[in-house]
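Secondary and tertiary structure notes
These are the residues of each chain, in order.
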Protein chains: 2
Amino acid sequence: MTKTIGIIGGGQLGRMLAIAASRLNFRTVILEPQPDSPASQLANRQIVAAYDDEEALAELAEACDVVTYEFENVPVAGAKFLEGLKPVYPPARALEVAQDRLTEKAFLNGCGIPTAKFHAVDSQADLDAALADFGGAGVLKTRRLGYDGKGQMVFRPGDSATGAYDKLGGVPLILESFIAFEREISVIAARGLDGSIECYDPAENVHRNGILHTSTLPAEIYEGTAADATTAATRLLDKLDYVGVIGIEFFVGADGALIANEIAPRVHNSGHWTEAACVISQFEQHIRAVAGLPLGNSARHSDCVMQNLIGDDINDVADWAREPDVLIHLYGKTEPRPGRKMGHVTRLTGPRSETQSE
Amino acid sequence: MTKTIGIIGGGQLGRMLAIAASRLNFRTVILEPQPDSPASQLANRQIVAAYDDEEALAELAEACDVVTYEFENVPVAGAKFLEGLKPVYPPARALEVAQDRLTEKAFLNGCGIPTAKFHAVDSQADLDAALADFGGAGVLKTRRLGYDGKGQMVFRPGDSATGAYDKLGGVPLILESFIAFEREISVIAARGLDGSIECYDPAENVHRNGILHTSTLPAEIYEGTAADATTAATRLLDKLDYVGVIGIEFFVGADGALIANEIAPRVHNSGHWTEAACVISQFEQHIRAVAGLPLGNSARHSDCVMQNLIGDDINDVADWAREPDVLIHLYGKTEPRPGRKMGHVTRLTGPRSETQSE
């Protein structure tokens, strides 16, 4: 059953996928413009080229039995080009949905999954009208290529919106209404080639400076909320005829109601805890899915807290190593730039406890 | 704290050490004569050379901050040569002890750890005398380089020993008395650079054709027996001023008494379950020790059974993949020769249960 798996993107997610693949005797080829990337250190080979270089994509397809990716901004054209040569999982359609906040929200609503209210903003006039509809409040975002809080403007009642459209670069934007929420959770789910689905327990996430800081298991949510999150993931995965792991972020209201925030058609930072607290990690689950193996059990044997090591946090590794129940996972990056994800730690906090029952 | 760790030996143990090292941002260089070895697929570099090639050993020392090994038959002369250049853990003394069954048993007895009775056999006359002392029964073994049941002859009362000394090659031998035992266990223990010690729970081992078949946690032993195994490991590690992970195999009598069988100064097949059932695996524990990091917690969160995949067992991987609670770990070997270790699987069987209390 040995296969070679192509991975577009050479960051830490590709690195962890490469490790998981190796344990199942799969070989990996990374496509990534940066030489000696984190993923390539653990992969069998790296093709050093741009993500949209068709010659390189063809070379990748030639070398591999199946191709996947580790980030959601893989050029859709490249993914579709690849689909003509070899199976590509998750499907390019998932990239299209995830890359545009407007398409994404419309798609989620189409699956019966609530989101914030939103308006497309393609001009200053659109923005003024949208703000008026939302009582002057909302978050203005670029429709494409925003992540970790970049490319966003917040409006509160009374704020001036003059020139805001041009300030965000005159590109297609979306205004989203504010959401009243008590906490943020995410669900990591997987769908196999046979259509079977596995959902990990929801993690409760805390962000700092727009970057994930911690994911805690169990989330402090009602059992019904956890079930709703699983149902939403199931509908969404089926609708996309999805294969692989997906991350879905939700806001949770005081009443336990869910509002979907965004989806990431890939393994997800808020699922890193699975490598410490589950027998089958999200990385192995993804590799199993794209390689056509049955999915493994997503059950969690332990409670835990995952914390990201961002930038200079890497200097605390010696302290983390003194904590006896902490699994450290570093990404092999040499330069700790501010905001750069250098690694993560997961502390097991005890045997599995249940989420709050309703 | 980035370091480069040299690993002598490129098999599956080196491979799993390389993965564990990568997660702590350590780079690895493998010294191994076989190109494209299992370990090198996950390591940063391989030096293709014989284990006793001093030029290659010097190159390894030059490239690394610390050197370790994945098998106990590393030439002692090479290890001592390396010790003149860079720290080598575990110490060469541990290799000397482990490579000679006579030295090993004498050393264990010197630590107050019981073993089978034994006699050195350096001639046919020695053999005849030794057999007479043991009532005609015993196991004749080569003192050096025997493993997985190779290089052994069994005598029962009445068996002829004529020519036996020459048959085993005329090399130094040892005759060991038979042991009455109910089960076999092993303890995987680690000692850090600071002298701290961590012992994993004893595994109960079943062998087939002289090769480890399964390791089961918890072992069906009295609590006192588990404590005795830990005490034995502690005395032995301290006496060797050991740094790294060691595997110690014991026979357990009906009364729970322990008889040490052998030691392996390296990560051990009967400790593979730790990657599935502990937050810190034996591989990470070894890397932590040799890199001078504090040891992690060796506590086990789950019960489990590890089973080796030997030779054609590799063809059952698709079946194993359908078992939802099984962690599969394959070694990237292409040719499934009989008796060759191709991978292992660990099934989590539930939350941690206790060993039998006394």
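The preceding data block contains the structure.
None of these values were measured; they are calculated from a predicted model. (Residues numbered from 1 in each chain as written. Chains lettered and ligands numbered in written order. Predicted model: local features only at pLDDT ≥ 70, side-chain atom pairs only at ≥ 80, totals over all residues. Heavy atoms only, no water.)

Moving on: the packing of helix α1 (residues 12-23) of chain A against helix α10 (residues 282-291) of chain A. All names here are of chain A. Two elements in contact, α1 and α10, have axes whose closest approach is 8 Å; the angle formed by their N-to-C orientations is 65°. With respect to α10, the element α1 is oriented roughly perpendicular. Like other packed secondary-structure pairs, α1 and α10 cross with a definite hand, here right-handed. Only Phe 283, Glu 284, His 286 and Ile 287 of α10 make contact with α1, whose side of the interface consists of Leu 13, Met 16, Leu 17, Ala 20, Ala 21 and Arg 23. Of the residues belonging to the contact of α1 with α10, the class tally is 7 nonpolar, 1 polar and 2 charged. (Axes fitted to C-alpha atoms, helices over the stretch in contact; angles between N-to-C directions. Helix = DSSP H or I, 4+ residues; strand = E, 2+ residues; numbered from the N terminus. Parallel < 35°, antiparallel > 145°, perpendicular 65-115°, else oblique. Left-handed = near helix turned anticlockwise from the far one by under 90°. Contact = heavy atoms within 4.5 Å. Nonpolar A, V, L, I, M, F, W, Y, C, P; charged D, E, K, R; others polar.)

The strands making up a sheet associate through hydrogen bonds between their backbones, and the pairing can be parallel or antiparallel. All names here are of chain A. With respect to topology, 4 strands assemble into an open sheet ordered β5-β8-β6-β7, the strand pairing being antiparallel. Lying at the two open borders of the sheet, with one neighbouring strand each, are β5 (118-121) and β7 (152-155). Each strand of the sheet is rotated relative to its neighbour by a mean of 20°, with strand direction disregarded. Here strand β6 (residues 138-142) runs beside strand β8 (residues 173-176); their pairing, made up of 4 bridges, is antiparallel. Counterpart to Lys 141 in the pairing with β8 is Ile 174. Together, β5, β6, β7 and β8 form the strand contacts of helix α5 (residues 101-110), whose direction differs from that of β5 by roughly 150°. Where helix α6 (residues 124-133) meets the sheet, its contacts fall on β5, β6, β7 and β8, and the angle it forms with β5 comes to roughly 170°. (Pairing = 2+ DSSP bridges.)

The subject of this paragraph is the relation of the copies chain A and chain B. For the match of chain A to chain B, the screw axis carries a shift of 0.0 Å, the RMSD comes to 0.0 Å, and the turn is 180°. Both copies of the chain, as the preceding transformation shows, are related through a two-fold rotation axis. The C-alpha atom lying nearest the rotation axis in chain A is that of Leu42(A); the distance is 2.6 Å. When the interface residues of chain A are mapped onto chain B, 98% of them again lie at the interface, so the same face is used by both copies. (Least-squares fit on C-alpha atoms with pLDDT ≥ 70 in both.)

On to helix α3 (residues 76-83) of chain A. Side chains three or four residues apart in an α-helix point the same way, a direct result of the helix having 3.6 residues per turn. Residues and elements named next belong to chain A. Within α3, burial applies to Val 76, Gly 78, Ala 79 and Leu 82. On an axial view of α3, the arc spanned by its buried residues comes to 160°, and they lie on one face. Turning to α3, the residues buried within the fold contact β1 (4-8), α2 (54-63), β4 (66-69) and α4 (92-99). (Buried < 20%, exposed > 50% of the residue type's maximum accessible area, 1.4 Å probe, protein only. Arc of directions from axis to C-beta.)

This part covers the sheet that holds β1(A). All names here are of chain A. On the basis of which strands lie adjacent, the open sheet formed by 4 strands has the order β3-β2-β1-β4 and parallel pairing. Only two strands of the sheet have a single neighbouring strand rather than two, namely β3 (45-47) and β4. Taken pair by pair, the neighbouring strands of this sheet meet at an average axis angle of 25°, ignoring direction. Summarising the sheet, β1 and strand β2 (residues 27-31) pair through 5 bridges and their orientation is parallel. Paired with Thr 4 across the strands is Arg 27, a residue of β2. Strands β1 and β4 of the sheet are contacted by α10, whose axis makes an angle of about 145° with β4.

This brings us to the packing of α2(A) against α3(A). Residue and element names in this part refer to chain A. Contact geometry of α2 with α3 gives a least axis separation of 10 Å together with a crossing angle of 40°. Considering their axes alone, α2 and α3 lie oblique with respect to each other. You can see that α2 and α3 cross each other, and the crossing is right-handed. Contacts between α2 and α3 involve Glu 54, Leu 57, Ala 58 and Ala 61 from the former and Gly 78, Phe 81 and Leu 82 from the latter. Grouping the amino acids of the contact of α2 with α3 by side-chain chemistry returns 5 nonpolar, 1 polar and 1 charged.

Moving on to the pairing of strand β2 (residues 27-31) of chain B. Residues and elements named next belong to chain B. A large share of β2 lies buried, amounting to 4 of its 5 residues. Handedness of the crossover is the feature at issue here: the chain leaves strand β1 (residues 4-8), passes through helix α1 (residues 12-23), returns alongside β2, and the resulting connection is right-handed. For β2 and strand β3 (residues 45-47), the ladder comprises 3 bridges, and the chain directions are parallel. Counterpart to Ile 30 in the pairing with β3 is Gln 46. (Right-handed = clockwise from strand over helix to strand, strands pointing away.)

Below, the discussion takes up unusual backbone geometry. Residues and elements named next belong to chain A. For the peptide bond that leads from Tyr 89 to Pro 90, omega is -10°, which places it in the cis range. Position of Pro 90 among the secondary structure elements: in the loop between α3 and α4. The omega torsion of the bond from Leu 217 to Pro 218 falls at -5°, within 30 degrees of zero and hence cis. Residue position: Pro 218 is located in the loop between β12 (211-217) and α8 (223-239).

Glancing now at the interface of chain A and chain B. If you look at the interface, chain A gives 40 residues, while chain B gives 39 residues. At the boundary of chain A with chain B, total buried surface from both sides reaches about 3,200 Å², with 54% on carbon and sulfur atoms. Looking at the side of chain A facing chain B, the largest losses of area belong to Arg23(A), Asn25(A) and Val279(A), adding up to 19% of the total buried there. At the boundary of chain A with chain B, the tally comes to 2 salt bridges. In this structure, the salt-bridge partner of Glu275(A) is Arg23(B), at a minimum N-O distance of 3.7 Å. (Buried area = accessible area lost by both parts, 1.4 Å probe. Salt bridge = Lys/Arg side-chain N within 4 Å of Asp/Glu carboxyl O.)

Once that is clear, we can look at empty space enclosed by the protein. Unoccupied space between atoms shows up once a probe the size of one water molecule is rolled over them. What the rule picks out here adds up to 1 cavity of 30 Å³ or more. Considered as a void within the structure, the largest cavity measures approximately 530 Å³ in volume. Along its surface, the largest cavity is lined by 32 residues, and Arg23(A), Glu275(A), Leu327(A), Arg23(B) and Glu275(B) are the ones closest to its centre. Looking at the lining of the largest cavity, the elements with two or more residues in it are α1, α9 (274-277), α10 and β16 (326-330) of chain A together with α1, α9 (274-277), α10 (282-290) and β16 (326-330) of chain B. Within the lining of the largest cavity, the residues separate by chemical class into 18 nonpolar, 8 polar and 6 charged. (1 Å grid on protein atoms, 1.4 Å probe; cavity = no way out; pocket = protein on both sides within 12 Å on 5 of 7 lines; lining within 4 Å. Points joined across faces, edges and corners; volume = space filled by probe spheres on them.)

Here we come to α6(A). Residue and element names in this part refer to chain A. Of the residues making up α6, those classed as buried are Leu 127, Ala 130 and Leu 131. Looking straight down α6, one finds that the buried residues subtend no more than 100° of arc, so they occupy a single side. For α6, the exposed residues set more than 90 degrees away from the buried face come down to Ala 125 and Ala 132. Contact partners of the buried residues in α6: β5, β6, β7, α7 (164-167) and β8.

What follows covers a negative patch on the surface. Taken together, Asp52(B), Asp53(B), Glu54(B) and Glu55(B) make up a surface patch of like negative charges. Inspection of the secondary structure assignment puts Asp52(B) in the loop between β3 and α2 (54-63). (Patch = residues over 30% accessible without salt bridge, like charges linked within 9 Å, V, L, I, M, F, W, Y side chains within 5 Å. Areas by Shrake-Rupley, 256 points an atom, 1.4 Å probe, with all protein chains shown as cover. Lys, Arg positive; Asp, Glu negative; His and termini not counted. Charge placed at Lys NZ, Arg CZ, Asp CG, Glu CD.)

What follows concerns the state of the cysteines. Residue and element names in this part refer to chain A. Under the definition given, this model contains 0 disulfides over all chains. In this structure Cys 111 is not part of a disulfide, and its nearest cysteine sulfur, from Cys 199, lies 14 Å away. Using a relative accessible area of 5% as the deciding quantity, one classes Cys 111 as buried. Left unpaired, Cys 278 is separated from the closest cysteine sulfur, that of Cys 304, by 7.4 Å. Looking at Cys 278, the relative accessible area reads 5%, which means it is buried. (Disulfide = S-S within 2.5 Å.)

Purely geometric numbers; function is a separate question.
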